[in-house]
Amino acid sequence: MCLGVFVTNDQRPDRTACDLVPIAWDEVAGAVRLLDQTALPGRADQRLVRSTADLVQAIAELAVRGAPSLGIAGALGVVVAVDEAAREGWDEARRDAAIDAVRGARPTAVNLAWGVDQVRPLLGQGRDAVLAAALALTEDNLAANRELSRRAADWLLERIDRPRLRAITHCNAGALATAGWGTALGVLRDLHERGRLELVYADETRPLLQGARLTAYELAALGIPHVVQVDSAASSTILRGLVDFAVVGADRIAANGDTANKVGTLGLALACDAAGIPLVVAAPWSTVDLSTADGSGIVVEQRGSQEILQWAGERTAPEGTQGFNPAFDVTPSRWVSVIATERGVVEPAHGTTPRDLA
Ligand code: MRU
């Protein structure tokens, strides 16, 4: 089954109808085209983004989200700023401030700043050089995701002696969070294509439900057997022996392997450790931040209370109650069994770190 709802003019042969494309450059419109992830799965709305202010808002609202997608948003944001500066008659300082605003729109996923930094040095070569570099990052991410997925799947199949594996995942690290294919969900796709995947438990991922809304949507489109569970079921699912491994994406991986990902990942890691099953982190090399020595240097985004104090627009907590809404947590490397990147795999729990791949 393939829902195939996202229309893309991308006709490359390695694209399938199931490949959701969350962010692209629309040459005709001269704008960033986003699949609005706040409306999925009910509606597949698209947004055309022509200003840096709108891009910052789209990033803050999670219309575009997921670390690798944010990297592409950052890179394309530089093109948007250049076009906007030309249109509005901005000087360089104003343009650079707009680029900085995009770069800082969310703090935890290193890919956002990375995407900006990859293309910004090309400003002197002109707008088309910046655009070409941004589009090349998209291609690179797609290739990286396929490669890291293959490596992670190989790693798992070498260690888990079952005909078909049972997995748990958290948040959404699929095509919607990347340039395509996905990272954690890419690993699941790879296993599924090899006929080696039995069932996926997808955590619903409070408060914005990336698991229930987005991961389940992708898994359904791909025909991968899955169930959605509340986040608080995860540790029990793991300790009851219902899954063979956990696989998650990452927003930032420090040099020692400490890993920031959607809040709730740490709980999965602790349960996996207690159950003696692996926690797999699947991420492109662009998510590795060697300039951050360990997790203590990672800024965890705090989001607004309204995301957790209300449900469907109705207040659930008493008036006057404050919320505490960290969007991510940091899993110490001793609980990360393996980090799979396109460069290779390391096993932080056993002493190898991303530094070994540098
Ligand atoms: O707040 P979000 O939805 O941007 O958080 C996304 C995640 O935490 C993902 O798991 C992570 O970015 C990896 S995406 C391949």
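Residue positions are counted from 1 within each chain, in the order its sequence is given. Totals for whole chains, interfaces and linings use every residue, but because this is a predicted model, local features are given only for residues with pLDDT of at least 70 and side-chain atom pairs only at 80 or more, for both listing and counting. Calculated side-chain values reflect all of the structure's heavy atoms, with hydrogen atoms and water omitted.

(A) Summary view of the overall build of the protein chain. When helices and strands are counted, the protein chain shows 10 helices and 16 strands. Restricting the calculation to C-alpha atoms gives the radius of gyration, and the globule rule supplies 2.2 Å times the number of residues raised to the power 0.38. Here the C-alpha radius of gyration of the protein chain, 20 Å, is about what a compact globule of 358 residues would show, namely 21 Å. Here, two residues are considered to be in contact whenever any of their heavy atoms come within 4.5 Å of each other. For the protein chain, long-range pairs separated by at least 24 residues make up 73% of all intrachain contacts whose partners lie at least 6 apart in sequence. Computed with the Shrake-Rupley method and a 1.4 Å probe, the accessible areas treat only the protein chains shown as cover for residues. For the protein chain, the exposed surface amounts to about 14100 Å²; the carbon and sulfur share of it is 51%. Every helix listed is a DSSP run of H or I at least four residues long, and every strand listed is a run of E at least two residues long, numbered separately from the N terminus.

(B) Spatial organisation of the environment of Phe245. Note that Phe245 resides in strand E7 (residues 245-248). For Phe245, a relative accessible area of 0% puts it in the buried group. Between the C-alpha atoms of Phe245 and Pro278, which are 33 residues apart in sequence, the distance is 5.1 Å. Sequence-distant contacts of Phe245, defined by excluding residues within four places in its chain, comprise Leu156, Ile160, Leu165, Arg166, Ala167, Ile168, Leu188, Leu191, Ile277, Pro278 and Val280. When a residue's accessible area, from a 1.4 Å probe over protein chains only, is under 20% of the maximum for its type it is buried; when over 50% it is exposed; and in between it is partly exposed.

(C) Up close: the pattern of salt bridges. By convention in these notes, a salt bridge is any Lys or Arg side-chain nitrogen within 4 Å of a carboxyl oxygen on Asp or Glu. All chains considered together, the criterion is met by 25 salt bridges. For Arg95, the salt bridge goes to Asp96, with nearest N and O atoms at 3.0 Å. Residue classification places Asp96 among the partly exposed positions, given a relative accessible area of 25%. Put simply, Arg106 and Glu301 hold a salt bridge, and the shortest N to O gap is 2.8 Å. You can see Arg106 sitting in the loop between helix H3 (92-103) and helix H4 (110-119) and its partner Glu301 sitting in the loop between strand E11 (288-289) and helix H10 (306-309), a full 195 residues away along the chain. Both residues of the pair, Arg106 and Glu301, belong to the buried class. Overlapping salt bridges, with partners in common, bring together Glu147, Arg150, Arg151, Asp154, Asp190 and Arg194 in one network.

(D) Looking closely at the site of the ligand. As a matter of local geometry, the ligand sits amid 19 residues, with Arg65, Arg106, Asp251, Asn261 and Lys262 nearest to it. A distance of 2.8 Å separates an oxygen atom of the ligand from a polar atom in the side chain of Arg106. At 2.8 Å, a side-chain N or O of Asp251 approaches an oxygen atom of the ligand. Of all elements in the fold, only helix H2 (67-88) and strand E9 (259-262) reach the threshold of two or more residues within the shell around the ligand. Amino acids are sorted into nonpolar (Ala, Val, Leu, Ile, Met, Phe, Trp, Tyr, Cys and Pro), charged (Asp, Glu, Lys and Arg) and polar (every other residue, Gly among them). For the shell around the ligand, the per-class residue count stands at eight nonpolar, seven polar and four charged. To be near a molecule or strand, a residue needs just one of its heavy atoms within 4 Å of it. Two N or O atoms form a polar contact when they lie within 3.5 Å of each other; inside protein one atom must be a possible hydrogen donor and the other a possible acceptor, and for residues adjacent in sequence the pair counts only when both atoms belong to side chains.

(E) Highlighting the domain arrangement of the protein chain. Note: domain ranges come from an automatic or database domain assignment. Per the domain assignment, the segments making up the protein chain are domain 1 (23-140) and domain 2 (149-357). Centre-to-centre separation of domain 1 and domain 2, based on C-alpha positions: 25 Å. Residue-level contacts link 21 residues of domain 1 with 26 residues of domain 2. Accessible area, probed at 1.4 Å, shrinks when two parts are joined; the buried area is that loss added up over both. Around 2000 Å² of area is buried between domain 1 and domain 2 when both sides are counted, 55% of it from carbon and sulfur atoms. On the domain 1 side of the interface with domain 2, the three residues burying the most area are Arg65, Thr108 and Val110, jointly 29% of the side's total. Applying the counting criterion to the domain 1 and domain 2 interface returns one salt bridge. Counting residues per element, the ones that place at least two in the side of domain 1 that touches domain 2 are H2 and H4. For the side of domain 1 that touches domain 2, the element with the most residues is H2, which contributes four residues. Residue composition of the side of domain 1 that touches domain 2, grouped by class: 12 nonpolar, seven polar and two charged.

(F) Summary view of the sheet that holds strand E4 (residues 165-169). Each pair of strands is called paired provided DSSP finds at least two bridges between the two strands. Taking strand neighbours across the sheet as the criterion, the seven strands line up as E6-E5-E4-E7-E10-E15-E16 in an open arrangement whose pairing is mixed. One side of each edge strand has no neighbouring strand; the edge strands of this open sheet are strand E6 (226-229) and strand E16 (344-346). Strand-to-strand twist of the sheet, defined as the mean angle between neighbouring strand axes without regard to direction, takes the value 25 degrees. Relative to strand E5 (residues 197-203), E4 runs parallel, the two being bridged by five bridges. Counterpart to Ile168 in the pairing with E5 is Tyr201. Along the sheet face, helix H5 (residues 127-159) touches E4, E7, strand E10 (279-282), strand E15 (338-341) and E16 and points at about 145 degrees away from the line of E15. Where helix H6 (residues 184-193) meets the sheet, its contacts fall on E4, E5, E7 and E10, and the angle it forms with E7 comes to roughly 130 degrees. Note on definitions: angles span 0 to 180 degrees between N-to-C directions of axes, and those axes are lines fitted to C-alpha atoms, for helices only across the stretch in contact.

(G) Layout of the nonpolar core. Within the largest apolar cluster, 35 residues are counted, with the highest numbers of intra-cluster contacts made by Ile23, Val32, Ile59, Leu76 and Val119. For this core, the elements supplying multiple residues, two or more each, are strand E1 (23-26), strand E2 (31-35), helix H1 (52-61), H2, H3, H4 and H5. In terms of residues, this core owes the most to one element, H2, which gives 11 residues. If we skip the residues at most four places from it in the chain, Ile59 touches Val64, Leu70, Ala73, Val102, Ala105, Arg106 and Leu112. Only buried Ala, Val, Leu, Ile, Met, Phe, Trp, Tyr and Cys residues count toward a nonpolar core, and they belong to the same one when joined by side-chain atoms within 4.5 Å. Within the second largest apolar cluster, 26 residues are counted, among which are Leu165, Val200, Val247 and Val280.

(H) Region of the structure containing the packing of aromatic side chains. Note on aromatic contacts: the rings of Phe and Tyr and the six-membered ring of Trp form a pair at centre separations within 6.5 Å, being stacked when their planes are under 30 degrees apart, edge-to-face when over 60 apart, and tilted otherwise. Applying the stated criterion across every chain yields a total of zero aromatic pairs. Placement of a charge over a ring requires the Lys NZ or Arg CZ to be within 6 Å of the ring centre, with the centre-to-atom vector within 35 degrees of the ring normal. Above the plane of the ring of Trp181 lies Arg146, whose end atom (NZ or CZ) is 4.4 Å from the centre. Taking NZ or CZ as reference, Arg334 lies 4.2 Å from the ring centre of Trp335, over its face.

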